[in-house]
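# Structure assessment
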Amino acid sequence: MSRGPGIWQRQILDRIEAGKVVILTGPEHTHAEQNAIRRAANTLEAKGALKIIASRVDGRSRLVACPVDMKTPPFRVLTGLDGKQYRTK
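Below is a short write-up of the structure.

Rules of the game
- Residues numbered from 1 in each chain as written.
- Predicted model: local features only at pLDDT ≥ 70, side-chain atom pairs only at ≥ 80, totals over all residues.
- Heavy atoms only, no water.
- Core = buried A, V, L, I, M, F, W, Y, C linked by side-chain atoms within 4.5 Å.
- Buried < 20%, exposed > 50% of the residue type's maximum accessible area, 1.4 Å probe, protein only.
- Helix = DSSP H or I, 4+ residues; strand = E, 2+ residues; numbered from the N terminus.
- Pairing = 2+ DSSP bridges.

### A closer look at the nonpolar core
Core analysis: the largest hydrophobic core is formed by 12 residues, namely Ile12, Leu13, Ile16, Val22, Leu24, Ile37, Ala40, Ala41, Leu44, Leu50, Ile52 and Ala65. Listed by contribution, the elements that provide at least two residues to this core are helix 1 (7-17) and helix 2 (31-46). Per element, the largest residue contribution to this core is four residues, and it comes from helix 2.

Written as structure tokens, this is what we have:
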């Protein structure tokens with residue numbers, strides 16, 4: 001049974017609480033780390049601790065975690081060929 005937020009969740013929450021926007025994944029993370037980060041962020045979003053949007057960063061689309069009260073542009077939810085849902089601007 002869980003005893004609170006995990007390592008990735010704590011790192012994301014620390015940055016969000018400081019009022020920062022967090023780019024969730026990038027080329028510096030391994031595939032397994034990217035999956036763990038996305039899973040941690042999606043869990044936090046489901047709990048209402050943050051919101052996740054897709055944003056263009058350096059010309060590439062990246063998932064970005066924002067504080068809940070931050071004004072962000074509206075996004076759409078699209079279903080990919082793999083059956084998963086993706087958020088886009």
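Structure's up, so let's keep going.
### Description of the sheet that holds strand 1 (residues 22-23)
Two strands in a sheet stick together by hydrogen bonds in their backbones, pointing the same way (parallel) or opposite ways (antiparallel). Read from one edge of the open sheet, three strands run 1-3-2, paired in antiparallel fashion. Each edge of the sheet is formed by a strand with only one pairing partner; in this case those strands are strand 1 and strand 2 (51-57). Note: strand 1 against strand 3 (residues 60-66), two bridges, orientation antiparallel. Bridging across to strand 3, Ile23 finds its partner in Val64.

### Structural notes on the pairing of strand 2
Counting buried positions along strand 2 gives five out of seven residues, so the element sits mostly inside the fold. Hairpin geometry of strand 2 and strand 3 is characterised by an intervening segment of two residues between the two adjacent antiparallel strands and by a positive phi of about 55° at Asp58.

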